[in-house]
Amino acid sequence: MSFRGYLIIVLCMLGVGAVAQSPAEYNNRGIEAYDAGNFDFAITWFERALTQAPENATVRRNLCNARQGAADVLAQSGDFASAVTHLERAIAADPANPSPLVQMGAYYLRLDMVSQAIRRLEEAIELKPGHLDAHELLGEAYYRDNDLPWARAQWEYVLRMDPKRPGLRERYDKAFREESIESGFKKTDSSHFRLTGPKDLPHHVRNRIIRLLEDAYREIGRKFGGVYPPGPIQVILYGADQFSEATQLDDHVGAVYDGKIRAPMTDKDGQWLPEDELRRRLAHEYVHVVVRFLAGENVPWWLNEGLAETFSGDFTPAMAETLRAARAAGALFSLAELAPSQLRARNPEALRIAYLQAHLTVRHLWDRFGQRRLRDMMSALASGTPAEQALRENYRRTYDTLLREVLEQIN
Ligand SMILES: [Zn+2]
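Because the structure is a prediction, the values reported are computed rather than measured.

### Some details on the nonpolar core
- Counting 74 residues, the largest nonpolar core has F224, Y286, W302 and L307 as the members making the most contacts within it.
- The element that contributes the greatest number of residues to this core is helix α15 (residues 348-382), accounting for 17 residues.
- Built from parts of two domains, this core gets at least three residues from each of domain 2 (184-290) and domain 3 (296-411).
- Each residue touching L307, except ones within four places of it in the same chain, is listed here: F224, V287, V291, V362, L374 and M378.
- Formed by 36 residues, the second largest nonpolar core is a distinct cluster that contains I91, M104, Y107 and V158.

### What to know about helix α9 (residues 168-182)
- The first and last C-alpha atoms of α9 sit 21 Å apart over 15 residues, in line with the 21 Å expected at 1.5 Å per residue.
- By the burial criterion, the buried members of α9 are L168, Y172, A175, E178, E179, I181 and E182.
- Those residues of α9 that are buried lie in contact with α7 (132-144), α8 (148-161), β3 (233-238), α11 (240-247) and β5 (261-264).

### Some remarks on the coordination of the zinc ion
- Coordination of the zinc ion by the protein is provided by H284 (NE2), H288 (NE2), E305 (OE) and E305 (OE), with metal-donor distances spanning 2.1 to 2.7 Å.
- Read in sequence order, the donor residues coordinating the zinc ion give the pattern H-x3-H-x16-E. Here E305 lies in helix α13 (residues 301-310) and H288 lies in helix α12 (residues 275-295), a separation of 17 residues in the sequence.
- The class for H288 is buried, based on a relative accessible area of 7%.

### A look at the sheet that holds strand β2 (residues 193-197)
- Taken in spatial order, the five strands make up an open sheet running β1-β2-β3-β5-β4, and their pairing is mixed. If you trace the sheet from one side to the other, it starts and ends with β1 (186-189) and β4 (256-257), each paired once.
- In terms of strand pairing, β2 meets β3 through four bridges, oriented parallel. Along β3, the bridge assignment pairs R194 with Q234.

Cut-offs used in this document
- All residue numbers here refer to positions counted from 1 along the written sequence of the relevant chain.
- Given that the model is predicted, a residue must reach a pLDDT of at least 70 before its local features are reported, and side-chain atom pairs must reach 80 or more before they are shown or counted; all residues, however, enter totals for whole chains, interfaces and linings.
- The basis for every side-chain value is the complete set of heavy atoms in the structure, and neither hydrogens nor water enter the calculation.
- Among buried residues, those of type Ala, Val, Leu, Ile, Met, Phe, Trp, Tyr and Cys that are joined through side-chain atoms within 4.5 Å constitute a nonpolar core.
- Exposure categories follow from relative accessible area, calculated using a 1.4 Å probe and restricted to protein chains: below 20% of the type maximum is buried, above 50% is exposed, and the middle band is partly exposed.
- Secondary structure is summarised from DSSP: a helix means a run of H or I of at least four residues, a strand means a run of E of at least two, and numbering begins at the N terminus for each.
- Bear in mind that the domain bounds are from an automatic or database domain assignment.
- Here, two residues are considered to be in contact whenever any of their heavy atoms come within 4.5 Å of each other.
- A helix's residues, less one, multiplied by 1.5 Å, set its expected span.
- Note that water is not among the atoms used; donors are N, O and S atoms within 2.8 Å of the metal (3.2 Å for Na, K and Ca), so sites may look incomplete.
- The rule for pairing is simple: two strands pair if DSSP sees at least two bridges between them.

This is a description of form; function is not addressed.
Right, dumping it as structure tokens:
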């Protein structure tokens, strides 16, 4: 959704045109600047108008819109913290306007600050009950908070008012399916995670998982140069059957991150997974938490999965052997083929090759260039730089030259 507002052009109450530098003139200059996309200038002019006419509702609304526009530009470049600062001032300028509150709720969700998002969205709905964007985002916030019945209530309302809401029916059905499986589950909080799992999950298993997650939080945060997303990070634990029922994913999927870490605790025969396997899977998914926190959806598949594999396990000689065989069979991918943020469905063997290539590629970049380059690469992606351009600027490689260099590792 877009948050650019429409300015109120006519300012008749202030139309004392003959006097130079009147509030109306400042306001008009602000409108010109706004129309030209110069939000910072627009803010300056509207603020000058307000110093002379502090109670004028039209100027206040215009100032609010200009600050929302400035916030929008900052958010598109990935600078959500500065965007939020603008919005706080937009809300102060025009406190009866729900629009900046909704925009702020969306940014807080992007920052994983779920309880702040809930507060702002509830304020927006208080100002304007039935604001569908606010209700939809509030549903998303409750969903992220793993409060499924409340999420469902919000989304049901939105779907009743607007049954064709893009994408919402699918999200609603997914939440409903999860709710039916997780209804008897029990919640446990650790320092940074909220675990939801079967009531009969033994205490020692729950504790072990908390320990593995908190280790991942510390160690992986350090690898990224000190990146620690705000909690609680939601983790849903299942038995193997519950996992496939809730996620509708194939057997070969070991765990998943879809905004929440979802992981089975058992194999298909109901046996607990060994600790090393649990550690690997949870660390892998936790890397996705950090990657999304840093750069949202702007990260190519090969980098996201390659980081998750590199920071959760070794690249073994057997893996190199599999890749050599794939190369001999002409079954390797170009990095461009592995670039979309989600890989379209492939058969399990092809998927395995794709993961190994991503792993070897990122392992190579990490071993050779380390943390600072990775941080710069992630910042470039966060600000919307296309992936291959970000690679060229930060690692001086194209997809083709990088692939050639990486494959030399397995000669
Ligand atoms: Zn993954």
